[in-house]
Amino acid sequence: MTSSLNTESLRKILKLEHQKGYIDSAVFGGLDKFLRNWTGQATGSVTDPQLLNRFHKLHLVNPNYALLTKQQRKEWVKAVLDFLAEEELREAEGDKAKPTPLVSRPSSRSRVQRTVVNQSIDSPVTVIRGISSSLATKFSRLGVKTVRDLLYFFPHRHLDYSQRKSISQLTEGEEETIVANVWQAQEIRLGGRRSTEAVVGDETGNIRIVWFNNPYLAKKLTTNTQIVVSGRVSLFNGRYVFESPEWELVEDRELIHTGRLVPLYPLTQGLRPRQVRKLMKGVIDQWAWQVEDFLPPELKERCNLLELPQAISQAHYPEDEAIKDRARLRLAFDELFLLQLGVLSKKRDWQESQPGSPFSVKTSVLETFLKSLPFELTAAQQKVLKELLDDLQKPQPMSRLLQGEVGSGKTVVAMAALLMAAANGYQGAFMAPTEILAEQHFTTIGQLLSRVGHQEEGEGYLCSYSGILSHSLTVALLIGDINQVKKQELQQRIANGEIDIIIGTHALIQKDVEFNRLGLAVVDEQHRFGVTQRSALRQKGFSPHVLVMTATPIPRTLALTLYGDLDLSVIDQLPPGRQAVKTKWLKPGQRDSAYAFIRRQAASGRQVFIICPLVEESEVIQARAAVAEYQRLSEGVFPELRLGLLHGRMSAAEKDKVMRRFRSGELDILVSTPVVEVGIDVPNATVMLIESADRFGLSQLHQFRGRVGRGTEQSYCMLLAQNPSEIGRQRLDLIEKIQDGFQLAEEDLKLRGPGEFFGTRQSGLPDLRMAKLSDIALLELARSEAIKLFQVDPSLEKTEHQPLAKELARVWPEAGEWS
Ligand code: ADP
Ligand code: MG
């Protein structure tokens, strides 16, 4: 059917009404309201008098459905459905058979009109009347390409303009809404700009309104026009005034800018709020009902969830706060439920794919290694090591997430496991998120192994040790930009099986790296590695065991949801002798005393990190700012100290050089962009100064802080913030008070908005837009429902699960074969 006469949504709603037994529950707010809107749109585009006549005969224009008896409703619904069927048939028979066109358009457009029949919600937004290709470009900047994207383009919040007041009840400073009559409106100049001034009134009084920079309004607001006005009431020369409030005409149509919960959409240049609101309203009325509700009905009922179309439309234009919350709950449930299903199926695929490589624990090798360590493993490390060894001996590939507070000693546990792989004749891979960290791991492994065996050959990227295994144990570092010849040589040796442990970055999962017998893959600092990367790694070997490590403390439920394909181990204890890092949020005026403190620490031989102000997400700009800050500090503030600079635009070799110098104590201060965030281990560093600390998340601040306090000296974390927002202040307060990473993560969850906690976008998981990860109850509900469903129909083969299978394939195409 044509897009202008949208019979599809009307038909769907009436069918639903029929199914529900004519209790006027198909649409929230009642059918009458829906019909007024629908008919309003339809009659606007229909010119055929016969058709209009039928509209009236069917009481489509003013149905008063609410007042009908059940029997009358039944008859009426049937009559309208028959009419729609007839119309659709007529349309389908083609233009020729039709005596009068349903919609008046030039005949040359009839081809266009026919293609319109095939529109679906996955059509590009340009199928919507009023969206030109230039407007479509603007939307695409916001990630909105199809009609469905538009339906899921949710407002970031709503303004509550739902309480109407009379003019005499208005309060200064409040957001208020009035319905009033225009007495007069005229163009005036305000601050040299052409603007509009109006005086409006109701039975209780009058009020002045000004709209800056908008002289054209004066013409629209003719005397006696009824308008609704929503905005903040301010006081000017002792009298109330609305300044540039939202407004709209009182008409038959639903209000969209005023007098209700008004959506605020994310905007981009060239999109105006009023325009977007109007457009969205039309799109929702016309299309929301065509979204297929993919959840099985009994699940919906059990969980008391709204119908999907209703949830979508209420998420945009809610009737009230309560239904808005329910709408969000439904949409959030969908996200979490689909995520969970995808994750479960991955776990199953993973475990059902080829059998893994069971290792046997070579006790003497392991013991020798552990004894050679300069410390004893903590009880928590021992417990986790045992969990790993148990897994490694099984024929199914291990799939485990190891969580451990920063500095809890995950690396050494992972190394013990890698050593077991090598002892069993397999290769082990150790992937780090950055080259600096990969190099650090390479160095650490080298240091530890030389305590057990003899270093035979050794160059920058390759080391061999004898006396540990029956053959000599070879460890290599493979990172993105080592020279091409060396790289090829390394790759060749990896493929031949000459190298036992390979340490690297993402470069390890690139296509040209082939392992000979990959038995174990360790992924460090998981939150930088997505699901997709994990699968890619798994495909590298004969279903290698996989160990994923993270220092980002994730509350258990959340971990199970996001990483439900992994088993969970936790190192919940720090090595002995660690002291709490004294944390202080400094006022901008205390900067100089912070610098003085740094000088004193440096004088006593300690080292210092300074994290540069966060300028922008762009690495280029960030790097430039870091260079400037480095210059300022080394020339103006600490001319007597040795400073180094680290940023993301430096080559790996440059970064490595700086890091080496810092680690070996040649530098006193390392000025760095946030790249230093994870994993770096320099026990002699005791001071961390973070600029614009208010702009980092709690978990990230905690990561920075974890760079110090790794030795036995008392360490300090100083936070500077220029002009923190309310939420920034809250974070700084929390990080000052709380040392425990898990507790901070819980607090972080409470503070953060939808989907932010993990940056799901980067991690390869489907987007979480509506789900707040603090919705623990909802998380658990979604998880238990997903498990339930997975038990009865793991491949979603049953007919009633087809819509779900389709949706899953759409949101998470790489997750598996759904349909
Ligand atoms: P993370 O878990 O943050 O990756 P690391 O593995 O980098 O932590 O360990 C942090 C520091 O603690 C390292 O210098 C490491 O040598 C040291 N370490 C690890 N385990 C112990 C232990 N049981 N006792 C003392 N020091 C330890
Ligand atoms: Mg680490």
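Definitions and cut-offs
- Residues numbered from 1 in each chain as written.
- Chains lettered and ligands numbered in written order.
- Predicted model: local features only at pLDDT ≥ 70, side-chain atom pairs only at ≥ 80, totals over all residues.
- Heavy atoms only, no water.
- Near = heavy atom within 4 Å.
- Polar contact = N/O pair within 3.5 Å; in protein donor to acceptor, adjacent residues only side chain to side chain.
- Areas by Shrake-Rupley, 256 points an atom, 1.4 Å probe, with all protein chains shown as cover.
- Nonpolar A, V, L, I, M, F, W, Y, C, P; charged D, E, K, R; others polar.
- Phe/Tyr/Trp six-rings, centres within 6.5 Å; stacked < 30°, edge-to-face > 60°.
- Helix = DSSP H or I, 4+ residues; strand = E, 2+ residues; numbered from the N terminus.
- Buried < 20%, exposed > 50% of the residue type's maximum accessible area, 1.4 Å probe, protein only.
- Lys NZ or Arg CZ within 6 Å of the ring centre and 35° of its normal.
- Pairing = 2+ DSSP bridges.
- Contact = heavy atoms within 4.5 Å.

A. Structural detail: the site of ligand 1. Neighbouring residues of ligand 1: 16 residues in total, closest G407, K410, T411, R578 and D681. The backbone of E376 places a nitrogen or oxygen atom 2.8 Å from a nitrogen atom of ligand 1. Between ligand 1 and the protein, one listed contact pairs an oxygen atom with a side-chain N or O atom of T411 at 2.6 Å. Protein contacts shield 85% of the accessible area of ligand 1, which totals 570 Å² for the unbound molecule. Its residues placed into classes, the shell around ligand 1 shows four nonpolar, six polar and six charged.

B. Region of the structure containing the packing of aromatic side chains. Scanning the model with the defined rule gives 11 aromatic pairs in all. Between F359 and Y426, the ring centres sit 5.2 Å apart and the planes meet at 25°, which makes this aromatic pair stacked. Highlighted residues: F359 in the loop between α12 (321-352) and α13 (363-372) and Y426 in the loop between α15 (410-423) and β11 (427-431), separated in sequence by 67 residues. Judged on exposure class, the residue F359 and its partner Y426 are both buried. Over the face of the ring belonging to Y317 we find K281, whose NZ or CZ atom lies 5.5 Å from the ring centre.

C. Quick look at the pairing of strand β4 (residues 193-202). With seven of 10 residues buried, β4 lies mostly within the body of the structure. By the bridge criterion, nine bridges tie strand β3 (residues 175-190) to β4 in an arrangement that is antiparallel. Within β4, the residue paired with Q186 across the bridge is E197. The loop that links β3 with its antiparallel partner β4 comprises two residues; one of these, G191, has a positive phi angle of about 55°. Sheet analysis places β4 next to strand β5 (residues 205-211), joined by seven bridges and oriented antiparallel. Pairing of D202 across the sheet is with G205, part of β5.

D. Region of interest: the environment of I598. Note on placement: I598 falls in helix α20 (residues 591-603). Placed 71 residues apart in sequence, I598 and I669 show a C-alpha to C-alpha distance of 8.9 Å. Beyond its immediate chain neighbours, meaning those up to four positions away, I598 contacts V608, I610, F638, I669, V687, L689 and M718.

E. View of the pairing of strand β7 (residues 239-243). Where β5 lies against β7, three bridges are found, and the strand directions are parallel. Each residue of the ladder has a partner; that of I209, found in β7, is F242. As paired elements, strand β6 (residues 226-236) and β7 share four bridges and run antiparallel to each other. Note that in β7 the partner of V233 across the bridge is F242.

The values are spatial; any link to function lies outside them.
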